[in-house]
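# Results of the structural survey
Listed below are the residues making up each chain.
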Amino acid sequence: MTCVGSEADPLGMISDGAVLTEAGHVVWVGPSADAAAACRALDVLPGERVDLGGRLLTPGLVDCHTHAVFAGDRSAEFALRARGATYLEIAAAGGGIAATLGPTRAATESTLERLTVDRMQAARATGTTTMEVKSGYDLTVAGELKLLRVVGRAGARAGMSVVPTLLCHVVPPERKADRDAYVGELADVLVPTVATDRLATSVDVYCDEGAFTRDESERIWRAAVDAGLAVRGHVGQFSDQGAAELCAAFGALSVDHVEQVSDDAIAALAAAGTVAVMLPGACVQLRLPPPPVEKLRAAGVPLAVASDLNPGSSCSSSLPLQMWLATTHFGMTVEEAWLGVTRVAARALGLVDRGVLAPGARADLVVWNAEQPAAIPYQYGATLIDRVVTH
Ligand code: NIG
Ligand code: FE
């Protein structure tokens, strides 16, 4: 699979292909028959040669939306939802995000790091080599900074390339009475500190029912832009607050969820080049209506697919499973699902050096026990990984 896709062949598949890597980067991709000549032409010293026996080779998968740093367990909420309770009802009764705050605040840094490493290792076992991880389960200034540091350390230990993101998730229960002051702290203290300390490259805000209002979100996103950080948004999961068009106006890297989004916002996202991140695991599990994939596609909005790994709405890190849900439940094509967990996912993170097999890209590779890309979502639930290679 290469970056040289076309309309007829969006994945740019090469049958009987070869990849040359050097010093952790791809230097050449093409037909096996041309590999020896490419080595000579590029002056690449012959090194280890690995015959993959006709197996499918792809770029390492990029999970562009996770909440992998948390403590505690909310499987009881899953059981309640299975009996018909809704996510918003459970949250209003004290469950939801607030139920993860206590265990996360109480956990030591080393416990949080171990839990996050475990989750990253599980993700790697299903093909993920780059993982975005959002903070958002402490919600104090000092605690959010701590979570972002934990993400960096966990990535180094787990052999996972990580992209930490500051997530302004909800107003914590103890700040409900002075939410204006809390939003001010986020915008005036937390966001600038994250930028100065280089703890994240983007600021995500959850703008929805039960989270931040459009005005509050705008204040935080403006602070992000002022601090030189990119904008991302959890928007339109439950209701359309007009946040997708606001994100487009800020030139956001991505809007995520977008089950509820207006036609005007879709046009604005397309014009801004903002990626729409599809999170089918959370959507299906919460029994929400799917996002308007056909309209997004028709407008030319790039579509990524991510796990949304979190303790509430989607407790899974498997991107192959998300590809299955994206194809069977969201009406995405197999090619869209693949691009959604590779090249477009990298774009949602503002990265161009991964998610493709092309000269200059990181040599993050997955070898599959399969021959065709469709086999991965087709055999949902199976682990078809032969090996994952990173440097
Ligand atoms: O992306 N929507 C907001 N945040 C998460 C859920 C977080 C939680 O329930 O802990 C999501 O679905
Ligand atoms: Fe999320």
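How each quantity is defined
Residues numbered from 1 in each chain as written. Chains lettered and ligands numbered in written order. Predicted model: local features only at pLDDT ≥ 70, side-chain atom pairs only at ≥ 80, totals over all residues. Heavy atoms only, no water. Pairing = 2+ DSSP bridges. Helix = DSSP H or I, 4+ residues; strand = E, 2+ residues; numbered from the N terminus. Donors = N, O, S within 2.8 Å, 3.2 Å for Na, K, Ca; no water. Buried < 20%, exposed > 50% of the residue type's maximum accessible area, 1.4 Å probe, protein only. Domains from an automatic or database assignment. Contact = heavy atoms within 4.5 Å. Buried area = accessible area lost by both parts, 1.4 Å probe. Salt bridge = Lys/Arg side-chain N within 4 Å of Asp/Glu carboxyl O. Phe/Tyr/Trp six-rings, centres within 6.5 Å; stacked < 30°, edge-to-face > 60°. Axes fitted to C-alpha atoms, helices over the stretch in contact; angles between N-to-C directions. Near = heavy atom within 4 Å. Polar contact = N/O pair within 3.5 Å; in protein donor to acceptor, adjacent residues only side chain to side chain. Areas by Shrake-Rupley, 256 points an atom, 1.4 Å probe, with all protein chains shown as cover. Nonpolar A, V, L, I, M, F, W, Y, C, P; charged D, E, K, R; others polar. Right-handed = clockwise from strand over helix to strand, strands pointing away.

On to the pairing of strand β1 (residues 17-22). Walk down a regular strand and you will see the side chains alternate between the two sheet faces. As paired elements, β1 and strand β2 (residues 25-31) share 6 bridges and run antiparallel to each other. By the bridge assignment, Val-19 is partnered in β2 with Val-29. Remark: 2 residues form the turn of the hairpin made by β1 and β2, two consecutive strands paired antiparallel; Ala-23 in that turn has positive phi of roughly 50 degrees.

It is worth spelling out the coordination of the iron ion (ligand 2) at this point. Taken together, the protein donors to the iron ion (ligand 2) comprise His-65 (NE2), His-67 (NE2), His-234 (NE2) and Asp-308 (OD), at separations of 2.1 to 2.3 Å. One chain supplies every donor to the iron ion (ligand 2), and in sequence these donors are spaced H-x1-H-x166-H-x73-D. Residue classification places His-65 among the buried positions, given a relative accessible area of 0%. When its relative accessible area of 2% is taken as the criterion, His-67 is described as buried.

Another aspect to go through is the domain arrangement of the protein. Domain parsing of the protein yields domain 1 (17-58 + 357-389) and domain 2 (61-348). Summarising the inter-unit geometry, the C-alpha centres of domain 1 and domain 2 are found 31 Å apart. Taken together, the 15 residues of domain 1 in the interface contact 15 residues of domain 2. Roughly 1,200 Å² is buried in total at the junction of domain 1 and domain 2, and carbon and sulfur atoms are behind 75% of that figure. The three residues of domain 1 that bury the most area against domain 2 are Pro-377, Tyr-380 and Val-388, which together make up 38% of that side's buried surface.

This next bit is on the pattern of salt bridges. Between side chains of opposite charge, a pair can form as their charged atoms come close. Evaluated as defined, the whole model comprises 22 salt bridges. Among the ionic pairs, Lys-295 bridges to Asp-263, the shortest N-O distance being 2.9 Å. In this pair, Lys-295 sits in helix α12 (residues 293-299) while Asp-263 sits in helix α10 (residues 263-272), placing the two residues 32 residues apart along the sequence. Among the residues examined, Lys-295 registers a relative accessible area of 44% and is labelled partly exposed. Classification of Asp-263 by relative accessible area gives partly exposed; the value is 47%. Among the ionic contacts, a cluster of salt bridges with common partners joins Glu-132, Lys-134, Asp-204, Arg-232 and Asp-256.

A few words now on the packing of aromatic side chains. A full pass over the atoms with the stated rule returns 5 aromatic pairs. Ring geometry for Trp-324 and Tyr-380: centres 4.0 Å apart, planes at 10 degrees, overall stacked. Of the two residues, Trp-324 sits in helix α13 (residues 319-328) while Tyr-380 sits in the loop between α16 (375-378) and β13 (385-389), which places them 56 residues apart along the sequence. Seen in terms of ring centroids, Trp-338 and Trp-368 are 5.7 Å apart; in terms of plane orientation they differ by 90 degrees. Their pairing is edge-to-face. Residue Trp-338 is located in helix α14 (residues 334-340), and its partner Trp-368 is located in strand β12 (residues 365-368); the two are separated by 30 residues in the primary sequence. Trp-368 gets classed as buried once you look at its relative accessible area, which sits at 1%.

Attention shifts here to the sheet that holds strand β8 (residues 230-235). Read across the sheet, 8 strands follow the order β4-β5-β6-β7-β8-β9-β10-β11 without closing on themselves; strand pairing throughout is parallel. Both edges of this open sheet fall to β4 (61-63) and β11 (303-305), since each of them pairs with a single strand only. Going from strand to strand, the sheet's axes swing by 25 degrees on average, the running direction of each strand aside. In this structure, β4 lies alongside strand β5 (residues 128-134), joined through 3 bridges in parallel fashion. Each residue of the ladder has a partner; that of Leu-61, found in β5, is Thr-128. Along the sheet, helix α8 (residues 214-226) makes contact with β6 (161-168), β7 (202-207) and β8, crossing β7 at roughly 180 degrees.

Before going further, it helps to examine the site of ligand 1. In the vicinity of ligand 1 there are 15 residues, among which Arg-74, Tyr-87, Tyr-137, Gln-237 and Ser-313 approach most closely. Taking His-234, its side chain carries an N or O atom lying 3.2 Å from an oxygen atom of ligand 1. Contact between ligand 1 and Asp-308: an oxygen atom at 2.8 Å from a side-chain N or O atom of the residue. About the coverage of ligand 1: the protein hides 100% of its 330 Å² of free accessible area. Here the residues of the shell around ligand 1 sort into 4 nonpolar, 9 polar and 2 charged.

On to the pairing of β8, then. Burial analysis of β8 places 5 of its 6 residues in the buried class, which makes it a mostly covered element. For β7 and β8, the ladder comprises 6 bridges, and the chain directions are parallel. Of the residues in β8, the one forming a bridge with Cys-207 is Val-235. Chirality of the crossover, the property in question, places the unit of β7, α8 and β8 among those that are right-handed. Examined bridge by bridge, β8 and strand β9 (residues 254-257) share 4 bridges and lie parallel to one another. Along β9, the bridge assignment pairs Gly-233 with Val-255. For the handedness criterion, the β-α-β arrangement of β8, helix α9 (residues 243-249) and β9 is classed as right-handed.

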